[in-house]
Amino acid sequence: MIQLQHYLTIAAFLFCLGLYCVLTRRNAVTILMGIELILNSANLNLIAFSRYTTTAISGQVFALFVIIMAAAEAAIALAIVLNLYKRVNSIDVDEVDMMRG
Amino acid sequence: MSEEIRLGVFLAFGVLSVAAAAVVAFARKIIHSIFALLFAFFGVAGLYALLHADFLAASQVMIYVGGILVLLLFGVMLTQKISSVDLKGPSFQRGPAAAICLVLLGALLFVIYKTPWPIVDRPPIHPTPPAIGTHLMTDFLLPFEVISILLFAVLVAAAMMARSEARR
């Protein structure tokens, strides 16, 4: 019998791996991939709640909005990364410190 | 579907997505990370389908695999020499990051298994697209309109930012 907790456990693992990816990588595109993993784990939580608790279909609608936000975020972030590459010829986030005082 | 088959499918998709996410987090080559991300998204889409969220499973495959992943691949191909081996691996803050993630994972698992969730036993909503559409047009009408404005703004902004700077 699959319980709510099992889905939440998988989402917790996905979240922690995504966070590790964000914290350790220096490549801007790889950091974005970590963020996508985190958003996916949040979505999995929302849909699991919508199946097993009283929230009914609202959880799925919310997850749909999260997917739309993730697509928008990826488009803008990649535009920023391309711009960054044009200006400093690198997408290493450590080398982008022009605004440091 | 019988309970054993459900459990097997759940384990298959769960292990697939977590293992692929681990490859995303630990792979040394960025191209390996991207292709592992493909499997992670597919695994999560399978879990959505197992939760009777058929519309969202289809959206996940279309938007994440068809859209975001291709966008990320373009991002890598436009900014790195894809064949070069000396892409920087994760050699940065690994110890503290691992400690933070493990502590957080422990805390999350503790909360997940200690909280008395308000679980109700009800049949799944079977065709979800009509239910989602009704909700979007009634209870979630304002977010729906706001997100359409957001998507338009993103479209314009992404085109503005990514274009060549010939006009400067």
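This is a predicted model, so every value here is computed, not measured.

With that out of the way, let us pick up the overall build of chain B. A count of helices and strands for chain B gives six helices and zero strands. The linear arrangement of helices and strands in chain B, starting from the amino end, is α-α-α-α-α-α. Across the 168 residues that make up chain B, the buried fraction comes to 21%. Within chain B, residue pairs in contact and separated by at least 24 positions form 52% of the contacts whose partners lie at least 6 positions apart.

When the parts of a complex come together, some accessible area is lost, and that lost area is often taken as the interface size. The interface of chain A with chain B comprises 61 residues on the first partner and 70 residues on the second. Counting only elements with at least two residues in the side of chain A that touches chain B, the list comes to helix H1 (4-24), helix H2 (28-52) and helix H3 (58-88) of chain A. At 21 residues, H3 of chain A tops the list of elements feeding residues into the side of chain A that touches chain B. Grouping the amino acids of the side of chain A that touches chain B by side-chain chemistry returns 43 nonpolar, 13 polar and five charged.

So, about the nonpolar core. Grouped together as the largest cluster of nonpolar side chains are 65 residues, with contacts concentrated most on Leu17 of chain A together with Val24 of chain B. Look past the residues within four positions of Leu17 of chain A in its chain and what remains in contact with it is Leu37 of chain A together with Ala21, Ala22, Val24 and Ala25 of chain B.

Along the chain, Val120 of chain B falls in the loop between helix H4 (94-114) and helix H5 (128-137). By the C-beta count within 10 Å, which is 10 here, Val120 of chain B ends up exposed. Measuring from C-alpha to C-alpha, the distance between Val120 of chain B and Gly8 of chain B comes to 23 Å, with 112 residues separating the pair along the chain. Val120 of chain B has contacts with Thr53 and Thr54 of chain A, leaving out every residue within four places of it along the chain.

Helix H3 (residues 54-79) of chain B packs onto H2 of chain A with a crossing angle of 170° between their chain directions and a minimal axis gap of 11 Å. With respect to their mutual orientation, H2 of chain A and H3 of chain B come out roughly antiparallel. In this structure, H2 of chain A uses Val29, Leu32, Met33, Glu36 and Ile47 of chain A to contact H3 of chain B, whose residues at the interface are Leu56, Ile68, Leu72, Gly75 and Val76 of chain B. The residue inventory of the contact of H2 of chain A with H3 of chain B, partitioned by class, reads eight nonpolar, one polar and one charged.

Inspection of the secondary structure puts Leu69 of chain B in helix H3. When the C-alpha positions of Leu69 of chain B and Phe41 of chain B are compared, they lie 9.3 Å apart, and in sequence the two are 28 residues distant.

On to unusual backbone geometry, then. Residues and elements named next belong to chain B. The phi angle at His52 is positive, at roughly 65°, despite the residue not being glycine. Position of His52 among the secondary structure elements: in the loop between helix H2 (30-50) and H3. For His52, a count of 17 C-beta atoms within 10 Å translates into the label partly exposed.

Across chain B, pLDDT averages 85, with 89% of residues at or above 70. Taken together, the chains of this predicted complex give a pTM of 0.88 and an interface ipTM of 0.89.

Quick notes on the rules
- Residues numbered from 1 in each chain as written.
- Chains lettered and ligands numbered in written order.
- Predicted model: local features only at pLDDT ≥ 70, side-chain atom pairs only at ≥ 80, totals over all residues.
- Helix = DSSP H or I, 4+ residues; strand = E, 2+ residues; numbered from the N terminus.
- Buried ≥ 20, exposed ≤ 12 C-beta atoms within 10 Å, placed from the backbone.
- Contact = placed C-beta atoms within 7 Å.
- Nonpolar A, V, L, I, M, F, W, Y, C, P; charged D, E, K, R; others polar.
- Core = buried A, V, L, I, M, F, W, Y, C linked by C-beta atoms within 7 Å.
- Axes fitted to C-alpha atoms, helices over the stretch in contact; angles between N-to-C directions.
- Parallel < 35°, antiparallel > 145°, perpendicular 65-115°, else oblique.
- pLDDT = per-residue confidence, 0-100.

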